[in-house]
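Below are the chains, spelled out letter by letter.
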Amino acid sequence: MNAAVSSYAAVLLTLDGVGEAVRSAKAAFDACPALSEALSNPTIPEAQKFSVIERVLPQELWNFFKVVCRNGQIDSISDIMTEYETLLRRQNQCVHAVVEYVTPLTDAQVSAMKNMICAKTGKPEVLLEMKQNPALVGGFVLHIGDETYDRSVRSAVQHMRKSMIRR
């Protein structure tokens, strides 16, 4: 993570009420990689870039994106918005966790998992990202920061296989 990315993310964090606008802009950049490419293209005049910003991105962030574009950092916009989300979660004492699953979890399972994560981390809030992964065969894998809790069938089979080889 370079200093410019962290600085721009910190600036975004100081702007009031832009959370939804940041998510919307991130979705626009993710959906259309050519947007970032066009805004970082040195052969396209700045006025045209600013016109695109005003047509495509949320109004609350026009000035921010124009400054980032003017300073030649628009190619780092995905990293900037990801760092913003990290800083926002830290500020709100929210932990980010990712659960990989085969079959979708029930509301009760999601709730129990969030409660367990809160208890383990001491954080009052959890942002639980859900990712379907059929390769697990069954069960789930939970990632909380650097910790991984693997309760998948795939992992159980691998452990069985290793223990049988040892014998």
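Going by the structure above, here's the rest.
In short, a report on the structure. Bear in mind the structure is a predicted one, so any value in this text is a computation, not a measurement. (Residues numbered from 1 in each chain as written. Predicted model: local features only at pLDDT ≥ 70, side-chain atom pairs only at ≥ 80, totals over all residues. Heavy atoms only, no water.)

## Let's talk about the packing of aromatic side chains
Working step 1: In this structure the tally under the stated criterion is three aromatic pairs.
Working step 2: When the centroid spacing of 6.2 Å and the interplanar angle of 85 degrees are considered together, the rings of Tyr8 and Phe64 count as edge-to-face. Of the two residues, Tyr8 is situated in helix α1 (residues 3–14) and Phe64 in helix α5 (residues 62–70); the sequence distance between them amounts to 56 residues.
Working step 3: An angle of 50 degrees between the planes, with centres 5.7 Å apart, marks the rings of Phe29 and Phe65 as tilted. On the criterion of sequence distance, the pair formed by Phe29 in helix α2 (residues 19–31) and Phe65 in helix α5 is long-range, its members being 36 residues apart. Taken individually, Phe29 and Phe65 each receive the classification buried, so the pair is uniform in this respect.
Working step 4: Put simply, the rings of Tyr8, Phe29, Phe64 and Phe65 touch in pairs and so form one group of aromatic residues. (Phe/Tyr/Trp six-rings, centres within 6.5 Å; stacked < 30°, edge-to-face > 60°. Helix = DSSP H or I, 4+ residues; strand = E, 2+ residues; numbered from the N terminus. Buried < 20%, exposed > 50% of the residue type's maximum accessible area, 1.4 Å probe, protein only.)

## Overview of the side chain of Asn133
Working step 1: On the secondary structure map, Asn133 appears in the loop between β2 (125–132) and β3 (139–144).
Working step 2: Given a relative accessible area of 17%, Asn133 falls into the buried group.
Working step 3: Setting aside residues no more than four positions away along its own chain, Asn133 makes contact with Glu100, Tyr101 and Val102. (Contact = heavy atoms within 4.5 Å.)

## Thoughts on the packing of helix α3 (residues 33–40) against helix α4 (residues 46–56)
Working step 1: With their axes 9 Å apart at the nearest point, α3 and α4 run at an angle of 150 degrees to one another. As judged from the angle between their axes, α3 and α4 are roughly antiparallel. As α3 runs across α4, the sense of the crossing is left-handed. The segment α3 lies against α4, with Leu35, Ala38, Leu39 and Ser40 engaging Lys49, Val52, Ile53 and Val56. (Axes fitted to C-alpha atoms, helices over the stretch in contact; angles between N-to-C directions. Parallel < 35°, antiparallel > 145°, perpendicular 65-115°, else oblique. Left-handed = near helix turned anticlockwise from the far one by under 90°.)

## Focus: the packing of α2 against helix α6 (residues 77–91)
Working step 1: In the contact formed by α2 and α6, the axes pass within 10 Å of each other and the chain directions differ by 145 degrees. Crossing geometry of α2 relative to α6 is assigned as left-handed. Between α2 and α6, the contacting residues are Gly19, Val22, Ala25, Lys26 and Phe29 on the first element and Ile77, Ser78, Met81, Thr82, Tyr84 and Glu85 on the second.
Working step 2: For the contact of α2 with α6, the per-class residue count stands at six nonpolar, three polar and two charged. (Nonpolar A, V, L, I, M, F, W, Y, C, P; charged D, E, K, R; others polar.)

## Describing the layout of surface pockets
Working step 1: Here the largest pocket defines a volume of roughly 200 Å³.
Working step 2: At the level of elements, α6 and β2 are the ones that each hand at least two residues to the lining of the largest pocket.
Working step 3: Broken down by element, the residue count for the lining of the largest pocket peaks at four residues, all from α6.
Working step 4: Among the residues forming the lining of the largest pocket, the class breakdown is five nonpolar, one polar and four charged.
Working step 5: Of all the elements in the fold, those that place two or more residues in the lining of the second largest pocket are α6, β1 (94–101) and β2.
Working step 6: Examining the composition of the lining of the second largest pocket, we find that five residues originate from one element, α6, more than from any other.
Working step 7: Looking at the lining of the second largest pocket residue by residue, the classes come out as two nonpolar, three polar and four charged. (1 Å grid on protein atoms, 1.4 Å probe; cavity = no way out; pocket = protein on both sides within 12 Å on 5 of 7 lines; lining within 4 Å. Points joined across faces, edges and corners; volume = space filled by probe spheres on them.)

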